[in-house]
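# Understanding the architecture of this molecule
Residues per chain are reported as follows:
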Amino acid sequence: PSSDCVMAEQLCLSDSTCNATYRTLENCALAKTRLLSLDHDSRVRCLNAELDLRNSSLLHCKCHRRMKRQEHCLRVFWTVHSSMTDGYFSLETSPYENPAKEGHWKTDYNKLAALVSGKNCSQLAGDATNPCLRATHVCNLSKKCFRLRTDYASICTKGAGSEDVCDRRKCHRGLRNFFEKVPEDFTKRILFCPCQDEFCGERRRKTIVPDCSFQYNTKPNCLWLLDSCLEDHICKSRLADFQQNCQPVDMSPDGCSLHNRAACLQAYMGMIGTPMTPNYVSNSSVEVSLWCTCENSGNQKEKCDQILSMFESNKCL
């Protein structure tokens, strides 16, 4: 049975045999993080150590996106599964527990606002023509949603668009805090609000303060973006989750392998606040993309195009 990777690690470390095997895997994972090439004997030792854990709860442990020790949990997961990323960009499995089912996404909008603050519902009536503005007002009715949205907005706008450079790392952390700690009833409506005009679309596009969280002065190569992601446990985990839940399949009736759009959209939200943060590309469509280019990719052009098409041409999105 799957369990929390932090708990599974504690159980393993209390057993001398499991402890020794796990320490070997830690060294293997560290070598890969530092891009050190392992000799044949070392690779065999790493693979055998992973096989030796097949009866351990570590092999089947998972993490929760909203757990307190998330980064520690993810580090344990990738220590045990380090062979999955051996020079291969398609990550095989998500470290996260299965996402919520479709039903979790169905909430009556007015009832939500009424539950938060009945006396303020009347002020929402004037926002009918701009669903993104309405979603923001609903967020403001929740103390937590308002506080965490204000937090990331203030961090991400500091220095953006001026001669100073904003602190992108802090901006990303603030965005992850918002999307992890605020209930999805609020966050998904702010990010996926349906628009009929460009004024609404502009507000939607600027939800994540793209001047800081999304754009660079010049577009980096998508392969560089991927490398940055794979060096970060959270980004690598969110990418694995995205690949698992947003896997397009041409033969499928809806073009999606899992037939669960809600899980895909949740995985998409998880990418925001990572080095591979996506966003809307314009005010007049729901097309999304990464801020990167595949120019000058040399003989890795096909791999680069594959990274970009995960967002630009993904039928699941």
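Residues numbered from 1 in each chain as written. Predicted model: local features only at pLDDT ≥ 70, side-chain atom pairs only at ≥ 80, totals over all residues. Heavy atoms only, no water.

The protein chain is annotated in an unreviewed UniProt entry as GFRA4 protein from Anthoscopus minutus. The record held by UniProt for the protein chain lists under Subcellular location (unreviewed entry) the comment "Cell membrane". Looking at the protein chain in UniProt, the text filed under Sequence similarities (unreviewed entry) is "Belongs to the GDNFR family." (UniProt positions renumbered as here; feature names shortened; annotations may be inferred.)

## With respect to unusual backbone geometry
Unusually for a residue other than glycine, valine 209 sits at a positive phi of about 50°. One non-glycine residue, asparagine 296, lies in positive phi territory at about 60°. Along the chain, the position of asparagine 296 falls in the loop between β2 (288-290) and α15 (301-312). Using a relative accessible area of 79% as the deciding quantity, one classes asparagine 296 as exposed. (Helix = DSSP H or I, 4+ residues; strand = E, 2+ residues; numbered from the N terminus. Buried < 20%, exposed > 50% of the residue type's maximum accessible area, 1.4 Å probe, protein only.)

## Examining the nonpolar core
Counting 49 residues, the largest nonpolar core has Phe178, Phe242, Met276, Leu290, Ile307 and Phe311 as the members making the most contacts within it. Each of domain 2 (109-214) and domain 3 (222-313) gives at least three residues to this core. With residues near it in sequence (within four places) discarded, phenylalanine 178 still touches Cys139, Cys145, Leu148, Arg149, Tyr152, Thr187 and Ile190. (Core = buried A, V, L, I, M, F, W, Y, C linked by side-chain atoms within 4.5 Å. Domains from an automatic or database assignment. Contact = heavy atoms within 4.5 Å.)

## Topic: the pattern of salt bridges
A complete count under the given rule lists 9 salt bridges for this structure. In this structure, arginine 23 and glutamate 26 form a salt bridge, with 2.9 Å as the shortest nitrogen-oxygen distance. Of the two residues, arginine 23 and glutamate 26 both sit in helix α2 (residues 16-33), 3 residues apart, roughly one turn of that helix. What makes arginine 23 partly exposed here is its relative accessible area of 38%. Given a relative accessible area of 21%, glutamate 26 falls into the partly exposed group. A salt bridge links aspartate 241 to arginine 65, with the nearest nitrogen and oxygen atoms 2.6 Å apart. Taken as a pair, aspartate 241 in helix α13 (residues 233-245) and arginine 65 in the loop between α3 (40-52) and α4 (70-80) lie far apart in primary sequence, 176 residues in all. (Salt bridge = Lys/Arg side-chain N within 4 Å of Asp/Glu carboxyl O.)

## Re the packing of helix α6 (residues 131-140) against helix α10 (residues 198-205)
The contact between α6 and α10 brings their axes to 8 Å, and the two run at 45°. In terms of orientation, α6 and α10 fall into the oblique class. Side by side, α6 and α10 meet where Pro131, Cys132, Leu133 and Thr136 of the first sit next to Cys200, Arg203 and Arg204 of the second. Considered class by class, the residues forming the contact of α6 with α10 number 4 nonpolar, 1 polar and 2 charged. (Axes fitted to C-alpha atoms, helices over the stretch in contact; angles between N-to-C directions. Parallel < 35°, antiparallel > 145°, perpendicular 65-115°, else oblique. Nonpolar A, V, L, I, M, F, W, Y, C, P; charged D, E, K, R; others polar.)

## Describing the packing of aromatic side chains
Each aromatic ring pair is described using two quantities: the centre-to-centre distance and the angle formed by the ring planes. Counted by the stated rule, this structure contains 7 aromatic pairs. Ring geometry for tyrosine 216 and tryptophan 224: centres 6.1 Å apart, planes at 85°, overall edge-to-face. Its relative accessible area of 26% is what places tyrosine 216 among the partly exposed residues. Taken together, the ring pairs connect Tyr152, Phe178 and Phe179 into an aromatic cluster. One cation-aromatic arrangement involves arginine 204 over tyrosine 280; the distance from NZ or CZ to the ring centre is 4.8 Å. (Phe/Tyr/Trp six-rings, centres within 6.5 Å; stacked < 30°, edge-to-face > 60°. Lys NZ or Arg CZ within 6 Å of the ring centre and 35° of its normal.)

## A closer look at α4
An α-helical segment advances 3.6 residues per turn. Residues three or four places apart therefore align on the same side. Across the 11 residues of α4, 8 count as buried, placing the element largely inside the fold. When α4 is considered as a whole, its buried residues turn out to be Gln70, Cys73, Leu74, Val76, Phe77, Trp78, Thr79 and Val80.

## Here's the deal with the side chain of arginine 204
For arginine 204, the position within the fold is in helix α10. No salt bridge is formed by the buried arginine 204. Its closest oppositely charged neighbour is aspartate 197, at 9.1 Å. Of the polar contacts made by the side chain of arginine 204, one reaches the backbone oxygen of serine 285; its length is 3.4 Å. (Lys, Arg positive; Asp, Glu negative; His and termini not counted. Polar contact = N/O pair within 3.5 Å; in protein donor to acceptor, adjacent residues only side chain to side chain.)

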